[in-house]
Amino acid sequence: MNTLRGVPTLGARPAAGPNPGRAETREVLSGAVFDLLVVGGGILGTSVAWHAAQSGLRVAMVDAGDFAGATSSASSKLVHGGLRYLQTGAVKLVAENHHERRVLARDVAPHLVNPLTFHLPVYKGGPHGAAKLGAGVFAYSALSAFGDGVGRLISPAKAAAANPALRTEGLKAVAVYGDHQMNDSRVAVMTVRAAAHCGAVVLNHAEVTGLRFTHGRVTGAEVRDRLDGTEFGVDARLVLNATGPWVDHLRRMEYAGAAPSVRLSKGAHLVLRRKAPWQAALATPVDKYRITFALPWEDHLLLGTTDEAYEGDPAEVAVTDADIRQILDEAAFSVRDEHLDRDLITYAFTGLRVLPGGAGGVESAKRETVVTEGRGGMLSVAGGKWTTYRHIGRTVLRKLARLPGVSATGITEDAVPVSELVRRVPLPGVANPDAVTHRLLVEREPGVPLDPPTARHLATHYGVLAFDIARLVHEDPSLGERIHPDAPALLAGVPPPAGGGPPGGGPRPAPAAGGGGGAARGGLPPPGAPPPAGGGPPARSVRAAPVPRPSHRRPSRKAAPKGVRGLRSGHGHAVGWGRTVMRRQPVRSACSASAGRRHWVIELEGVPELVDPVMVAAFEGWNDAGDAASAAVAHLEREWKGEVFAALDAEDYYDFQVNRPQVWLEGGARRITWPTTRLSVVRLGETDGRGRARDLVLVRGIEPSMRWRSFCNEILGFAHELGVEMVVVLGALLGDTPHTRPVPVTGTTSDPDLARTLDLEESRYEGPTGIVGVLQEACAHVGVPAVSLWAAVPHYVSQPPNPKATLALLNRLEDLLDVRIPLGELAEDARAWQLGVDQLAAEDSEVAEYVQSLEEARDTADLPEATGEAIAKEFERYLRRRDGHTAGGGTASESGSYLRDTSGDLGGRGRPSKSSDEGSDGGEGPERPDAGEGPGDGDA
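Residues numbered from 1 in each chain as written. Predicted model: local features only at pLDDT ≥ 70, side-chain atom pairs only at ≥ 80, totals over all residues. Heavy atoms only, no water.

K.L.:
Where do I start with the sheet that holds strand β28 (residues 726-735) in this structure?
P.N.:
The pairing of strands in a sheet comes from backbone hydrogen bonds and takes either a parallel or an antiparallel form. A sheet is described by the order of its strands in space; here eight strands give the open sequence β23-β26-β27-β22-β28-β31-β29-β30, paired in mixed fashion. If you trace the sheet from one side to the other, it starts and ends with β23 (643-647) and β30 (761-762), each paired once. Relative to strand β31 (residues 786-794), β28 runs parallel, the two sharing nine bridges. The residue of β31 that forms the bridge with Gly 731 is Trp 790. (Pairing = 2+ DSSP bridges. Helix = DSSP H or I, 4+ residues; strand = E, 2+ residues; numbered from the N terminus.)

K.L.:
In this structure, what is going on with the pattern of salt bridges? I would like to understand it.
P.N.:
Where charged atoms from two side chains of opposite charge come close, those side chains can pair. For the structure shown, the criterion picks out 28 salt bridges. With a shortest N-O distance of 2.7 Å, Arg 26 and Asp 225 are connected by a salt bridge. Placement of Arg 26 in helix α1 (residues 22-30) and of Asp 225 in strand β9 (residues 217-225) is noted, with a sequence separation of 199 residues between them. Judged by relative accessible area, Arg 26 falls into the buried class, the value being 12%. (Salt bridge = Lys/Arg side-chain N within 4 Å of Asp/Glu carboxyl O. Buried < 20%, exposed > 50% of the residue type's maximum accessible area, 1.4 Å probe, protein only.)

K.L.:
What is the right way to read the environment of Pro 164 from this model?
P.N.:
Counting through the fold element by element, Pro 164 comes out in the loop between α5 (156-162) and β6 (171-182). Expressed as a C-alpha distance, the spacing of Pro 164 and Lys 275, which sit 111 residues apart in the sequence, is 9.5 Å. Filtering out sequence-adjacent residues up to four positions away, Pro 164 remains in contact with Ala 276, Pro 277 and Arg 336. (Contact = heavy atoms within 4.5 Å.)

K.L.:
Explain unusual backbone geometry here, please?
P.N.:
Glycine aside, a negative phi is what most residues show, and trans is what most peptide bonds show. In this model, Gly 304 is joined to Thr 305 through a cis peptide bond whose omega is 10°. Mapping Thr 305 onto the fold places it in the loop between β14 (300-304) and β15 (308-310). Although it is not a glycine, His 205 sits at a positive phi angle of roughly 55°. Considering the arrangement of structural elements, one finds His 205 in the loop between β7 (201-203) and β8 (206-214). According to the relative accessible area criterion, His 205 is buried, its value standing at 3%. Of note, Glu 298 is a non-glycine position whose phi angle comes to about 50°, a positive value. Checked against the element boundaries, Glu 298 lands in the loop between β13 (291-297) and β14.

K.L.:
Just to check I follow, could you spell out helix α11 (residues 433-442) for this structure?
P.N.:
Structurally, the α-helix is built with 3.6 residues per turn, so residues lying three or four positions apart point the same way. Among all positions in α11, only Pro 433, Val 436, Thr 437 and Leu 440 are buried. In an axial view of α11, the angular spread of the buried residues amounts to 100°, which keeps them on one side of the axis. Facing away from the buried side of α11 by over 90 degrees, the exposed positions are His 438 and Val 442. In the core, the buried residues of α11 are packed alongside β4 (113-123), α12 (452-462) and α13 (466-475). (Arc of directions from axis to C-beta.)

K.L.:
Where do I start with the pairing of strand β11 (residues 262-273) in this structure?
P.N.:
The buried fraction of β11 is high, at 11 of 12 residues. Two strands pair when backbone bridges link them, and β11 and strand β16 (residues 345-356) are joined in this way by 11 bridges, in the antiparallel orientation. Bridge pairing in β16 links His 269 to Phe 349. Inspection of the sheet shows β11 paired to β14 by five bridges, in the antiparallel sense. Across the sheet, residue Leu 270 finds its bridge partner in β14, namely Leu 303.

K.L.:
What is the right way to read a nonpolar patch on the surface from this model?
P.N.:
Together, Phe 138, Phe 146 and Val 150 make up an exposed nonpolar region whose accessible area comes to about 260 Å². Inspection of the secondary structure puts Phe 146 in the loop between α4 (130-143) and β5 (152-154). A relative accessible area of 37% means that Phe 146 is categorised as partly exposed. (Patch = residues over 30% accessible without salt bridge, like charges linked within 9 Å, V, L, I, M, F, W, Y side chains within 5 Å. Areas by Shrake-Rupley, 256 points an atom, 1.4 Å probe, with all protein chains shown as cover.)

K.L.:
Sorry, what's going on with the confidence of the model for the protein here?
P.N.:
Predicted coordinates in areas of low pLDDT are best not read in detail. The share of residues in the protein with pLDDT of 70 or more is 72%, and the mean pLDDT across the chain is 75. Of the regions scoring below 50 in pLDDT, residues 11-16 engages in 11 contacts with residues more than four places distant in sequence or in other chains. Ignoring residues within four places in sequence, the model shows residues 498-603, a span with pLDDT below 50, making 344 contacts including any to other chains. (pLDDT = per-residue confidence, 0-100.)

K.L.:
Is there a simple way to explain the packing of α11 against α12 in this structure?
P.N.:
Between two packed helices, what matters for the description is the angle formed by their axes and the separation of those axes. At a minimum axis distance of 8 Å, the contact between α11 and α12 shows a crossing angle of 135°. In terms of axis orientation, α11 runs oblique to α12. As for how α11 packs across α12, the hand of that crossing is right-handed. Facing Pro 433, Asp 434, Val 436, Thr 437, Leu 440 and Leu 441 of α11, the residues of α12 in contact are Pro 452, Ala 455, Arg 456, Leu 458, Ala 459 and Thr 460. Looking at the contact of α11 with α12 residue by residue, the classes come out as eight nonpolar, two polar and two charged. (Axes fitted to C-alpha atoms, helices over the stretch in contact; angles between N-to-C directions. Parallel < 35°, antiparallel > 145°, perpendicular 65-115°, else oblique. Left-handed = near helix turned anticlockwise from the far one by under 90°. Nonpolar A, V, L, I, M, F, W, Y, C, P; charged D, E, K, R; others polar.)

K.L.:
Please explain a negative patch on the surface as it appears in this structure.
P.N.:
On the surface, Glu 843, Asp 844, Glu 846 and Glu 849 cluster together into a negatively charged patch. Mapped onto the fold, Glu 843 is located in the loop between α20 (826-842) and α21 (845-862). (Lys, Arg positive; Asp, Glu negative; His and termini not counted. Charge placed at Lys NZ, Arg CZ, Asp CG, Glu CD.)

K.L.:
Just checking my understanding: could you explain the nonpolar core for this structure?
P.N.:
Among the nonpolar cores identified, the biggest contains 63 residues, and Leu 36, Leu 240, Tyr 389, Leu 400, Leu 427, Leu 440 and Leu 458 are the most heavily contacted of them. Formed by 39 residues, the second largest nonpolar core is a distinct cluster that contains Ala 618, Leu 696, Val 728 and Leu 826. (Core = buried A, V, L, I, M, F, W, Y, C linked by side-chain atoms within 4.5 Å.)

K.L.:
Explanation requested: the packing of aromatic side chains in the structure shown.
P.N.:
Applying the stated criterion to the full structure yields 10 aromatic pairs. Note on Phe 118 and Tyr 177: the rings are 5.3 Å apart at their centroids and 15° apart in plane angle, and the pair reads as stacked. Of this pair, Phe 118 sits in strand β4 while Tyr 177 sits in strand β6; the two residues are 59 residues apart in sequence, bridging distant segments of the chain. Note on Tyr 177: relative accessible area 8%, which makes it buried. The interplanar angle of 70° and the centroid separation of 5.5 Å between the aromatic rings of Trp 386 and Tyr 389 together place this pair among those described as edge-to-face. Just as Trp 386 is buried, Tyr 389 falls in that class too. Cluster of aromatic residues (ring-pair linked, three or more members): Phe 118, Tyr 140, Tyr 177 and Phe 293. The ring of Phe 349 carries the charged tip of Lys 77 above its face, separated from the ring centre by 4.7 Å. Here the guanidinium or amino end of Arg 375 rests over the ring plane of Tyr 255, the centre of that ring lying 3.8 Å away. (Phe/Tyr/Trp six-rings, centres within 6.5 Å; stacked < 30°, edge-to-face > 60°. Lys NZ or Arg CZ within 6 Å of the ring centre and 35° of its normal.)

K.L.:
How should α4 be read in this particular structure?
P.N.:
The end-to-end C-alpha distance of α4 is 20 Å, a good match for the 20 Å that 14 residues give at a rise of 1.5 Å each. Every buried residue of α4 is accounted for by Ala 130, Lys 132, Leu 133, Gly 134, Gly 136, Val 137, Ala 139, Tyr 140 and Ser 141. Where α4 is buried, its residues contact α3 (91-108), β4, β5 and β6. Just downstream of α4, Ala 145 is the residue with a positive phi angle, here 60°. (Expected span 1.5 Å × (residues − 1).)

K.L.:
What is the right way to read the side chain of Thr 284 from this model?
P.N.:
The topology assignment puts Thr 284 in strand β12 (residues 281-285). Accessibility expressed as a relative area gives 2% for Thr 284, which makes it buried. At 2.7 Å, the side chain of Thr 284 forms a polar contact with the side chain of Ser 334. (Polar contact = N/O pair within 3.5 Å; in protein donor to acceptor, adjacent residues only side chain to side chain.)

K.L.:
Can you walk me through the pairing of strand β1 (residues 33-39) in this structure?
P.N.:
Successive side chains on a regular strand alternate, one facing one side of the sheet and the next facing the other. Most of β1 is tucked away: seven of the seven residues are buried. One ladder, built from six bridges, connects β1 with strand β10 (residues 231-241); its direction is parallel. Residue Phe 34 lies in a different strand from β10, and its bridge partner there is Ala 236. Pairing of β1 with strand β2 (residues 59-62), which is carried by four bridges, proceeds in the parallel orientation. Bridge pairing links Val 39 to Val 62 in β2. Viewed along the sheet, the connection from β1 through helix α2 (residues 43-54) into β2 turns out right-handed. (Right-handed = clockwise from strand over helix to strand, strands pointing away.)

K.L.:
Can you walk me through the environment of Ser 788 in this structure?
P.N.:
Along the chain, the position of Ser 788 falls in strand β31. For Ser 788, a relative accessible area of 0% puts it in the buried group. On a C-alpha basis, the gap between Ser 788 and Ala 617 in space is 9.5 Å, while along the polypeptide they are 171 residues apart. Other than its neighbours up to four places away in sequence, Ser 788 contacts Val 729, Thr 746, Gly 747, Thr 748, Val 772 and Gln 776. Looking at Ser 788, its side chain comes within polar contact range of the side chain of Gln 776, at 2.6 Å.

K.L.:
Looking at this structure, I do not really get the environment of Met 726. What am I missing?
P.N.:
Examined against the element boundaries, Met 726 turns out to sit in strand β28. The exposure class assigned to Met 726 is buried, which follows from its relative accessible area of 10%. When the C-alpha atoms of Met 726 and Cys 779 are compared, they prove to be 9.0 Å apart, with 53 residues separating the residues in sequence. Excluding residues that lie within four positions of it along the chain, Met 726 makes contacts with Pro 613, Val 614, Met 615, Leu 758, Pro 785, Val 787, Leu 816 and Leu 817.

Right, here's the structure in full:
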């Protein structure tokens, strides 16, 4: 039905003051049209709501349960840089995570985020050696500018003195490094409160039962108050689905046939009473890929986590006996048995990681944010990472502004751009916990039961808002009683029925053992914890006065390469592949021959961060004699297991009467494969001469039939978004060369400086050209270094395949990029090909005579080159292969890897933005919604 009305203002602060009741909040929600409705009050949705409200948008947010009542409060309670990601060469990612961690601990929430020392034990026969882990933790601490000390190795005796529970049998050494621990549920609740202070209207225990539509677009939601059954509607110009494990449920409300976009992984944790002091956390490698944690957590011991596929109802996820056995068994690798007795278990909790769909186990799935746009214009966002949650919120807000049709509604025209928002906005209650604890104790009123553990608990859960809790206790001493005798949480922290609540703004008290409002999703409930959502005292809704909307337009523009200018909203369409969303925006042409025309640039979400990436491209057709060039890129994809992340729209560039689609059968059903060009990413394990990893973006397809300038613009749009530093185009042409001699490969470029630097020929060619020539000219026009490698294929054996020419191109590419390319069976195929041609030539005297003449001419021309430099290059290649160095294939040397994590380092994250809207101090990090960290070592 059509529901979108005019846009009345929200008015002044509700009559009930800063803490309206649920009825008044429902009235506000149903009586206005919002710019943005966020469905889901986990940390991802809350962060978006907070930043959207800061920008001046009218924001509403509803959640079916408690705010952060699911996975957002069921994490491993860590804010960290990601030690495991060093193994994949994601150095920049780790440094950026460290930056965000420091901002949270120093500026945004120092009362909720605290430093924590980690011990990483190295046992005899373990998956990692002491030298490797020692180097890893040193590098890790260096990337944080040694803000948490210097990563180092210590003796087993010294580690056991800090942690008496440490198992020392077979212990060879212990690596030490620093990270941070947080109270996840309190950070989430304070972010909700911050959003409300900026004008967002928020309501929990408000379940979305349906969506509202206007002319086919989602323009709101039907909502039911789960506490009293009241039904009402919320109108909004844009709806964001941030429901976490329920993301596909809401997507099916938008379109019943929506295919699953995510899969779920269960992460369980146990909380035990501790029998000895814990001065450091334990991070123990279980195997090459997984780490189990034993963390001191509010005077208890937190163990976890698991990582297993979950396919049931997210609301019914629970800790099973098998989970408990697994966690205790894995903890026993480094923790003495007497500290792991089942009788010590206080409670258990579990949450669901939201992972991209795909093949393989969940433990190897990339931890990245999944972004999809539905048929009705609803954007669905799931996944993400606690450490970078502020940056994710800002990034999603940027993406919302770029959605097709958003600018037409005027939502963002008057909003302050994300780049101009105040940085490092502190959460409510920000304070030094030590100072708050001191004041609570020295200023307490006579007779108020406020002991040191309770004062410390209040300071680390509420910050300066703890004084408001103390005042409640002073006014009513009965509120000073503990919820549970074994935990310092007070009754004053439990909100009363709807319409009032403590100034701390928390929808739950901190359960026993300091669960911090974790509200365990299933499993063993913490003693003294309130009933599940809907069964206990309702959490109040919160709303503050709206922020006045600026009257001036301040559009945000993202920096683009020279010649790729004029990014503006248009009616581009989104193409979804797996977890990648590609958004096509019209821009001015990158080709000089089409100046002023509007073409397309691609914007990516969920593509991995790349290091010094080089784009390698080849196209079937006129520039691909013997299929040598396209076969070379196909070989790279196959050997390095390249992951396809995008495909160009066949309708735009191919004449299907020239390049016809192919029909094939799959399980009895007919399928059609359309001619196209696909892009994939490979991450290389080998380093170049500067000691840095170098990744590749592979482009393979068919030479387009039309719109070559638009085609090149689209390729360059990908190159810009991924931060490509150089483009290498492979080609093969027919030539007067004998098949019996090495295939000549010529490297050319139109850049004189590049020609001198890389020892290439400066291109002087004039005449007809193919897509390779057009793409190289487009690269030169926008300032992207470009190189072409051309193989000469004998014209008398031009039919494909020509593995010898393919091998020659790959060898030249090795020299150019200084990497080792795994050849597989290609060398043997090349030898077999030459023997076959030899036999054919021997059977035809005219061909044999012609080949001999070519050999004589070639030998004369090549004789001067058979000297020092050519021999040195060949010997260098031989040594590189003999030493076994790899680039994504083969066996990597131990020095090139620290802690292997098959889940990947960023999983589908984008290249750090070159936009000027990020400050020189690192600001909010790169423009990527998931920040690429794995929940296994920080989230549920």
